[in-house]
Amino acid sequence: MRTPRTPAAVRRPAAFGSALAAALVLGGCGAEVESDAKESDKVTVRRCGEPVEYTVPERAVAYEGGSADKLFALGLTEHVHGYVMPPANPPVSESPWASEYAKVKMLSDDLLNKEVVVEAKSDFVVAGWNSGFKDERGITPEILDKLGIQSFMHTESCFNYPGHPERMSPFKALYTDLERLGEIFRVEEKATDVVDGLKKRVAAVEDRAPQGDPVPVFLYDSGTDQPFTAGNQVPPNDIIRAAGGRNVFDGLDERWTQVNWESVAEAEPEVVVILDYGDQPAQKKIDFLRKSPHTKGLPAVRNDHFFILDYNEGISGPRNIDGLEKFATYLRGLEG
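The shown structure was predicted, so the numbers you read here are calculated from the model rather than taken from an experiment. (Residues numbered from 1 in each chain as written. Predicted model: local features only at pLDDT ≥ 70, side-chain atom pairs only at ≥ 80, totals over all residues. Heavy atoms only, no water.)

## Describing the sheet that holds strand β13 (residues 306-310)
Put simply, the test is: For two strands to be treated as a pair, DSSP must find at least two bridges joining them. Numbering of helices and strands runs from the N terminus, with a helix taken as a DSSP run of H or I at least four residues long and a strand as a DSSP run of E at least two residues long. In this analysis an axis means a line fitted to C-alpha atoms, helices contributing only their contacting stretch, and an angle means the value between N-to-C directions, from 0 to 180 degrees. What makes two residues a contact is simply this: any of their non-hydrogen atoms within 4.5 Å.
Pairing within the open sheet is parallel, and its four strands lie in the order β10-β8-β12-β13. Edge positions in the sheet fall to β10 (245-247) and β13, since each has one partner strand and no second. Strand-to-strand, the axes of this sheet are offset by a mean angle of 35°, without reference to chain direction. Examined bridge by bridge, strand β12 (residues 271-276) and β13 share five bridges and lie parallel to one another. Bridged to Ile274 within β13 is Ile308. In the packing of helix α10 (residues 282-291) onto the sheet, contacts are made with β8 (215-220), β12 and β13, and the angle to β12 comes to roughly 145°.

## Structural notes on the packing of helix α7 (residues 188-207) against helix α13 (residues 319-335)
Think of two packed helices as two axes; the pair is described by the angle between the axes and how far apart they sit. Applied cut-off: Throughout, the term roughly parallel applies to angles under 35 degrees, roughly antiparallel to angles over 145, roughly perpendicular to angles from 65 to 115, and oblique to all others. Should the near helix be turned counterclockwise from the far one by less than a right angle, the crossing is left-handed, whereas a clockwise turn marks it as right-handed.
Following both chains from N to C, one finds α7 and α13 inclined at 15°, their axes separated by 10 Å at the closest point. Accordingly, the angle class assigned to the pair α7 and α13 is roughly parallel. Crossing handedness for the pair α7 and α13: left-handed. In this structure, α7 uses Leu198, Arg201, Val202 and Val205 to contact α13, whose residues at the interface are Ile321, Asp322, Leu324, Glu325 and Ala328.

## With respect to helix α6 (residues 170-184)
As a reminder of what qualifies: In this analysis, the expected span of each helix is defined as 1.5 Å times one less than the number of residues it contains. For the exposure calls, accessible area comes from a 1.4 Å probe over protein chains only, and a residue counts as buried if that area is under 20% of its type's maximum, exposed if over 50%, partly exposed in between.
Taking 1.5 Å as the rise per residue, α6 with 15 residues should run 21 Å; its terminal C-alpha atoms sit 21 Å apart, in good agreement. Within α6, 12 of the 15 residues are buried, which leaves it mostly tucked inside the rest of the structure. Among the residues trailing α6, Arg186 stands out with phi positive, at a value near 60°.

## Observations regarding the side chain of Thr77
Operational definition: Polar contact is defined as a pair of N or O atoms within 3.5 Å, subject to the rule that within protein one atom must be able to donate a hydrogen and the other to accept it, and that residues adjacent in sequence are counted only when both atoms are side-chain atoms.
With respect to the element layout, Thr77 can be found in the loop between α2 (64-73) and β4 (80-84). Within the local environment of Thr77, its side chain forms a polar contact with the side chain of Glu100, the two groups lying 2.8 Å apart.

## Considerations on the pattern of salt bridges
Selection rule: The term salt bridge refers to a pairing of a side-chain nitrogen on Lys or Arg with a carboxyl oxygen on Asp or Glu at a separation within 4 Å.
Taken as a whole, this structure holds 15 salt bridges when the rule is applied. We note a salt bridge from Asp69 to Arg319, for which the minimum N-O separation is 2.6 Å. With Asp69 in helix α2 and Arg319 in helix α13, the pair connects residues that are 250 residues apart, well separated along the chain. For Asp69, a relative accessible area of 0% gives the class buried. Glu325 is the partner of Arg201 in a salt bridge, and the nearest nitrogen-oxygen pair spans 2.8 Å. Of this pair, Arg201 sits in helix α7 while Glu325 is found in helix α13, placing the two residues 124 residues apart along the sequence. With relative accessibility at 13%, the residue Arg201 sits in the buried group.

Structure, rendered in structure tokens:
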């Protein structure tokens, strides 16, 4: 990606129905959840590698679909004031939690900034490091701390957070976020139920993964002169692995990163996962790969083995598991 943010793929209406059903079970449709402790108490929870004291937020602002989905999955709609949704995100009407998005305010369709948070009188902001929170845009946890506004960062993005880094696999980071948000909002039991449900779905996919050598897979985010792709620190790496494939750039200790076409060609991917997001449609990327002299001879391109991963299935959030299930079904289909 041009900036460290998140991924996408070709939409499958039928698959969306099953994903919606699963999401409603996990998220309780945003239903109100009983707190597991007194809301007036403070609790210490890690924000990346830094222990931070939190009171229960009442006017949360979520940046991008992954942040909002995590809150809605935990049944916290009444604690969410609004969301900021930049153009890369597909319409919220496509979300399994569309009804919950409709109950809160859309604050901006641009990048996260301090002004929109202050104007919203927010007491809590959820975003990733170097995507929503960014020094260059003047909105960081440290800046918000000084304003008395609480914040929380996706653990997946803590890999290179200055001063307080934290590293774990992307799926583990997703579970950790749900558990930590459960602590902050005092809905620990709900968080445990949601995480257990996600883990069971992942295990079911892994049990059915194709046997033998993993299929080499290239994730194409964007870029024509040089491609942006997924290293081993972002959810698509775990999606590809758990489904029975191998990210050809899983050796890169990076999040979203730039490579060159020569290395893509040398990897000879048999499947290309296209990250599909609002301002860069998947079909345009596929058309480019079919025409480019760098890629038209790749096994995946010759055999038309393209899989579209929706943006919100590729960034850290509960929909990662929807994307995993769809991709696993696709890979199993190639076996036949």
